[in-house]
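Chain residues, written in single-letter form:
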Amino acid sequence: MPLPFLTADRAFDTTDHVALPFDDHDQWRRPYRPGSWRVGAAALALLLASFVLLAAVIIAAAGAFGGAAVTFGIAVLVIAASLRMLRVGTWVSRAGVRRVGFLSTSTVPWAKVVSVRTVQQPVRWLGLPRTVQGQALVLDRRGGEQLQLLTDHNADFLSRVEAFDRAADTVEAWNAEYGTAPDATR
């Protein structure tokens, strides 16, 4: 059964290259769908939060309002963490590229981007300390700093090689469209 709304993958299935009427390049957008590992972990965290909320209601019904407040606070923290987990990733707009982490966010304007390229290097597996050989989309800033945007072994692209390639190509296309050409004097 086809769904009437536009998904992230469906935007790549069009044969014509005409911009869609709602395709606003000033809005921050993720050029890929969140991966099944990320969505599954967030769903499990929300399931846990529902049980903690049920426990808070039972504790409140028993008359221990202090314990119910603490339990409710824990549920709110789990919900906030799972929603933040879904926001983690690389976002692009006409203003630049944004790398959203779980605890921090960094934004680089396109004017400060020297290059965006895919490299073979050791990458972290699902964000854990263990590293494996893989691909990473790396952004080089003016001044020699590097920012790792995507890897093929993170929670969005583990066992989705085609999706990683498509997302890397999309971010590189945004750089080609809105980025500045590197200085020839360097």
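Residues numbered from 1 in each chain as written. Predicted model: local features only at pLDDT ≥ 70, side-chain atom pairs only at ≥ 80, totals over all residues. Heavy atoms only, no water.

What follows is about the sheet that holds strand β6 (residues 146–151). Pairing in this open sheet of three strands is antiparallel, and the strands run β4-β5-β6 from one edge to the other. In the strand order of this sheet, the two ends are held by β4 (113–124) and β6, each with one partner. Mean inter-strand twist for the sheet, computed between neighbouring axes without regard to direction, equals 30°. Where strand β5 (residues 131–141) and β6 come together, five bridges link them in antiparallel fashion. The partner of Ala 136 across the bridge, within β6, is Thr 151. (Pairing = 2+ DSSP bridges. Helix = DSSP H or I, 4+ residues; strand = E, 2+ residues; numbered from the N terminus. Axes fitted to C-alpha atoms, helices over the stretch in contact; angles between N-to-C directions.)

As a further point, take the side chain of His 153. Tracing the backbone through its elements, the reader meets His 153 in the loop between β6 and α3 (161–178). Here Asp 152 takes part through its side chain, which lies 2.8 Å from a polar atom of the side chain of His 153. Leave out the neighbours within four places in its chain, and His 153 touches Val 123, Arg 124, Trp 125, Leu 126, Val 132, Gln 133, Gly 134 and Leu 158. (Polar contact = N/O pair within 3.5 Å; in protein donor to acceptor, adjacent residues only side chain to side chain. Contact = heavy atoms within 4.5 Å.)

Turning our eyes to something else, we now look at α3. Here α3 spans 26 Å end to end across 18 residues, near enough to the 26 Å set by a 1.5 Å rise per residue. Within α3, burial applies to Ala 163, Phe 164, Ala 167, Ala 168, Thr 170, Val 171, Trp 174 and Asn 175. The arc that holds the buried residues of α3, viewed along the axis, is 155°, so those residues lie on one side. Facing away from the buried side of α3, by more than 90 degrees, are the exposed residues Val 161, Glu 162, Ala 176 and Glu 177. Those residues of α3 hidden inside the fold are in contact with β1 (89–93), β4, β5 and β6. (Expected span 1.5 Å × (residues − 1). Buried < 20%, exposed > 50% of the residue type's maximum accessible area, 1.4 Å probe, protein only. Arc of directions from axis to C-beta.)

This part takes up the confidence of the model for the chain. On average, residues of the chain score 85 in pLDDT, and 84% of them are at 70 or above. No element of the chain has a lower mean pLDDT than β6, which averages 89, and none a higher one than helix α2 (residues 65–87), which averages 96. (pLDDT = per-residue confidence, 0-100.)

Here we take up the pairing of β4. Both β4 and β5 contribute to a ladder of 11 bridges, which runs antiparallel. By the bridge assignment for β5, Val 116 is matched with Leu 139. The antiparallel pairing of β4 with β5 creates a hairpin that spans six residues between the two strands, and Leu 126 there sits at a positive phi of about 55°.

A word on the side chain of Ser 82. Relative to the helices and strands, Ser 82 resides in helix α2. Reaching out from Ser 82, the side chain makes a polar contact with the backbone oxygen of Ile 79 at a distance of 2.8 Å.

For the rest of this paragraph, the subject is a nonpolar patch on the surface. There is a patch of nonpolar side chains on the surface, built from Leu 44, Leu 47, Phe 51, Leu 54 and Ile 58 and spanning about 530 Å² of accessible area. You can see Leu 44 is positioned in helix α1 (residues 36–61). (Patch = residues over 30% accessible without salt bridge, like charges linked within 9 Å, V, L, I, M, F, W, Y side chains within 5 Å. Areas by Shrake-Rupley, 256 points an atom, 1.4 Å probe, with all protein chains shown as cover. Salt bridge = Lys/Arg side-chain N within 4 Å of Asp/Glu carboxyl O.)

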